[in-house]
Amino acid sequence: ALVHINDLIKAIILSLGNKEAYNEIFNVSDGNAYTQEQLFDIAADMLNAPRPTRHISELLAKFAAKATSISPDEFRFLTSNRIVDIKKIKDILHFNPEYDIYKGGKELVSEFLSIFG
C-alpha cells in the first residue's frame, strides 16, 4: 500500500465510531495512481540507484506462479497495474492524505540508509 503511517492512523481514527464506516472496506493510499514501472523508477531515483532496464517476462512470471501454487486470480492481482481509488474514503470519512509517495519515500529511504547505508 502506498500510504504513510500517519495517513493510515488518520484514516483509522476517522473511521472509529463513525456509523457510516460500519461494514465498509476503504482503500487508503496517497491518492495518486502509479504503474509498477513508475514505482520502480521512483524507488531507484530516491536511492540514487540506476533505474531497472529489464523486467521479468510474463511467461517466466506465469511459470513461477505455477511453481509456487499461486492461483490465476492471485497472479493477475500481483502483476496488474491497478489503480487504488480512494474516492469512497474521501466521500464518507472526508479523508485527505497529507503525504505523497515522494514525501513519505524520502523518510523511508533516509531511515533505511541510516540502518543499512
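As the structure is a computational prediction, the values presented were derived from the model and not from experiment.

(A) Expanded view of the overall build of the protein chain. When you go through the protein chain residue by residue, the secondary structure sums to 6 helices and 0 strands. For 117 residues, the compact-globule estimate of 2.2 N^0.38 gives 13 Å, and the protein chain exceeds it by more than 25% at 17 Å. On the principal axes, the C-alpha backbone points of the protein chain span a range of 45 × 40 × 25 Å. Considering the protein chain as a whole, with its 117 residues, one finds that 22% of them fall into the buried category.

(B) The packing of helix α2 (residues 36–46) against helix α6 (residues 101–116), seen in detail. Across the interface, α2 lies against α6 with an axial gap of 10 Å and an inter-helix angle of 50 degrees. One element, α2, and the other, α6, form an angle in the oblique class. Pair α2 / α6 crosses with right-handed handedness. Seen from α2, the contacting residues are L39, I42 and M46; seen from α6, they are I101, Y102, G105, K106 and V109. The residue inventory of the contact of α2 with α6, partitioned by class, reads 6 nonpolar, 1 polar and 1 charged.

(C) Up close: the environment of N18. With respect to the helices, strands and loops of the structure, N18 is situated in the loop between α1 (5–15) and α2. With 74 residues separating them along the chain, N18 and I92 place their C-alpha atoms 9.4 Å apart. Among all residues touching N18, those that are not within four sequence positions of it are I92 and L93.

(D) Region of interest: the side chain of D41. Topologically, D41 is positioned in helix α2. Here D41 is in contact with R51 and P52, once residues within four sequence places are set aside.

(E) Molecular detail of the nonpolar core. Counting residues in hydrophobic clusters, the biggest one holds 8 residues: A11, A21, F26, V28, I86, I89, L93 and F95. The next biggest cluster of nonpolar side chains, apart from the first, holds 5 residues, and it includes Y34, I42, M46 and V109.

(F) Structural detail: the packing of aromatic side chains. With the rule as written, the count across this model stands at 1 aromatic pair. Here F112 and F116 contribute two aromatic rings whose centre-to-centre distance is 5.0 Å and whose plane-to-plane angle is 40 degrees, an arrangement assigned as tilted. Here F116 and F112 lie together in helix α6, a separation of 4 residues that amounts to about one turn. Relative accessible area serves as the criterion here: at 39%, F112 is assigned to the partly exposed category. The ring of Y99 has K103 lying over it, and the distance from NZ or CZ to the ring centre is 4.5 Å.

(G) Representation of a nonpolar patch on the surface within the structure. A contiguous nonpolar patch, built from I5, L8, I9, I12, I13 and L16 and spanning about 560 Å² of accessible area, is present on the exposed surface. Mapping I13 onto the fold places it in helix α1. When its relative accessible area of 54% is taken as the criterion, I13 is described as exposed.

Each value, and the rule that gives it
- Residues numbered from 1 in each chain as written.
- Predicted model: local features only at pLDDT ≥ 70, side-chain atom pairs only at ≥ 80, totals over all residues.
- Heavy atoms only, no water.
- Helix = DSSP H or I, 4+ residues; strand = E, 2+ residues; numbered from the N terminus.
- Rg over C-alpha atoms; globule rule 2.2 N^0.38 Å.
- Buried < 20%, exposed > 50% of the residue type's maximum accessible area, 1.4 Å probe, protein only.
- Axes fitted to C-alpha atoms, helices over the stretch in contact; angles between N-to-C directions.
- Parallel < 35°, antiparallel > 145°, perpendicular 65-115°, else oblique.
- Left-handed = near helix turned anticlockwise from the far one by under 90°.
- Contact = heavy atoms within 4.5 Å.
- Nonpolar A, V, L, I, M, F, W, Y, C, P; charged D, E, K, R; others polar.
- Core = buried A, V, L, I, M, F, W, Y, C linked by side-chain atoms within 4.5 Å.
- Phe/Tyr/Trp six-rings, centres within 6.5 Å; stacked < 30°, edge-to-face > 60°.
- Lys NZ or Arg CZ within 6 Å of the ring centre and 35° of its normal.
- Patch = residues over 30% accessible without salt bridge, like charges linked within 9 Å, V, L, I, M, F, W, Y side chains within 5 Å.
- Areas by Shrake-Rupley, 256 points an atom, 1.4 Å probe, with all protein chains shown as cover.
- Salt bridge = Lys/Arg side-chain N within 4 Å of Asp/Glu carboxyl O.

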